[in-house]
Amino acid sequence: QVQLVESGGGLVQAGGSLRLSCAASGLTFSTYAMGWYRQAPGKEREFVAAIAWSAGSTNYVDSVKGRFTISRDNAKNTVYLQMNSLRPEDTAVYYCAASKRLGVPRGLYEYPVWGQGTPVTVSS
């Protein structure tokens, strides 16, 4: 049974930091690219960041470059999203996803496996 479980979301003030985690099971984690998406109220799900299975390449949406960092620990079957300098516009439910594509895919439908999401709210 393939499963992704996100954690680490919560309520923070603008300028603060959070680290999201996504624990994977039921798949060979090191052979999957991993991505983070977010969905704000009333908006479509948006690509945030991705990391290749080799961990040698990453990609980010322009609005989070320099503030967010995606990383992975294959020994723990876990991908992380470190979020610094948070802004109210970052408020959303954050989802992790797994893809067998090469490189750092950004397309929503390139990710067949999804977690349940973890909410992030940034005040002020």
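Refer to the structure above for everything that follows.
Being a predicted model, the structure only gives us computed values, none of them experimental.

Cut-offs used in this document
Residues numbered from 1 in each chain as written. Predicted model: local features only at pLDDT ≥ 70, side-chain atom pairs only at ≥ 80, totals over all residues. Heavy atoms only, no water. Helix = DSSP H or I, 4+ residues; strand = E, 2+ residues; numbered from the N terminus. Rg over C-alpha atoms; globule rule 2.2 N^0.38 Å. Disulfide = S-S within 2.5 Å. Buried < 20%, exposed > 50% of the residue type's maximum accessible area, 1.4 Å probe, protein only. Pairing = 2+ DSSP bridges. Polar contact = N/O pair within 3.5 Å; in protein donor to acceptor, adjacent residues only side chain to side chain. Contact = heavy atoms within 4.5 Å. Core = buried A, V, L, I, M, F, W, Y, C linked by side-chain atoms within 4.5 Å.

J.: How should I be thinking about the overall build of the protein chain in this particular structure?
T.: The secondary structure content of the protein chain amounts to 0 helices and 11 strands. The helix and strand sequence of the protein chain, counted from the amino end, reads β-β-β-β-β-β-β-β-β-β-β. Taken over C-alpha atoms, the radius of gyration comes to 13 Å for the protein chain, in line with the 14 Å a tight globule of 124 residues would show. Counting only C-alpha atoms, the protein chain reaches 40 × 30 × 25 Å along its principal axes.

J.: Before we go on, may I ask you to explain the state of the cysteines in this structure?
T.: Two cysteines form a disulfide when their sulfur atoms are joined by a covalent bond. The full count for this structure, using the stated rule, is 1 disulfide. The side chain of Cys22 participates in a disulfide bridge whose partner is Cys96; the two sulfur atoms lie 1.9 Å from each other. Disulfide Cys22-Cys96: torsion about the S-S bond near 50°, hence right-handed. Here the residue Cys22 occupies a position in strand 3 (residues 18-25), and Cys96 occupies one in strand 9 (residues 92-99), the gap between them amounting to 74 residues. Residue Cys22 is classed as buried on the basis of its relative accessible area of 0%.

J.: Just to check I follow, could you spell out the pairing of strand 7 (residues 68-73) for this structure?
T.: Within a regular strand, the side chains alternate between the two sheet faces. Only one face of strand 7 is buried: it carries Phe68, Ile70 and Arg72, and the other face, with Thr69, Ser71 and Asp73, is open. Pairing between strand 7 and strand 8 (residues 78-83): 6 bridges, direction antiparallel. Each bridged residue has a counterpart across the sheet, and for Ser71 the counterpart in strand 8 is Tyr80. Here strand 7 folds back onto strand 8 in antiparallel fashion, the turn holding 4 residues, of which Asn77 has a positive phi close to 50°.

J.: Is there a simple way to explain the side chain of Arg38 in this structure?
T.: Secondary-structure assignment places Arg38 in strand 4 (residues 33-39). Taking relative accessible area as the criterion, Arg38 reaches 6% and is therefore assigned buried. Within polar-contact distance, the side chain of Arg38 engages the side chain of Ser63 at 3.4 Å. Looking at Arg38, its side chain comes within polar contact range of the side chain of Tyr94, at 3.0 Å. Leaving out residues up to four positions away in the same chain, Arg38 has contacts with Glu44, Arg45, Glu46, Val48, Ser63, Val64, Phe68, Asp90, Ala92, Val93 and Tyr94.

J.: Mind showing me how you'd approach the nonpolar core here?
T.: When a protein is soluble and globular, its nonpolar side chains tend to lie buried together. Met34, Trp36, Leu81, Met83 and Tyr94 are the most contacted members of the largest nonpolar core, which has 36 residues in total. Those elements giving two or more residues to this core turn out to be strand 3, strand 4, strand 5 (46-51), strand 7, strand 8, strand 9 and strand 11 (118-123).

J.: Would you take a moment to explain the environment of Val104 for this structure?
T.: Looking at the element boundaries, Val104 is found in the loop between strand 9 and strand 10 (113-114). In this structure, the C-alpha to C-alpha distance between Val104 and Asp73, residues 31 residues apart in sequence, is 16 Å. Residue contacts for Val104: discarding those within four places in its chain leaves Ala50, Ile51, Ala52, Ser57, Thr58 and Asn59.

What is shown is where atoms sit, not what they do.
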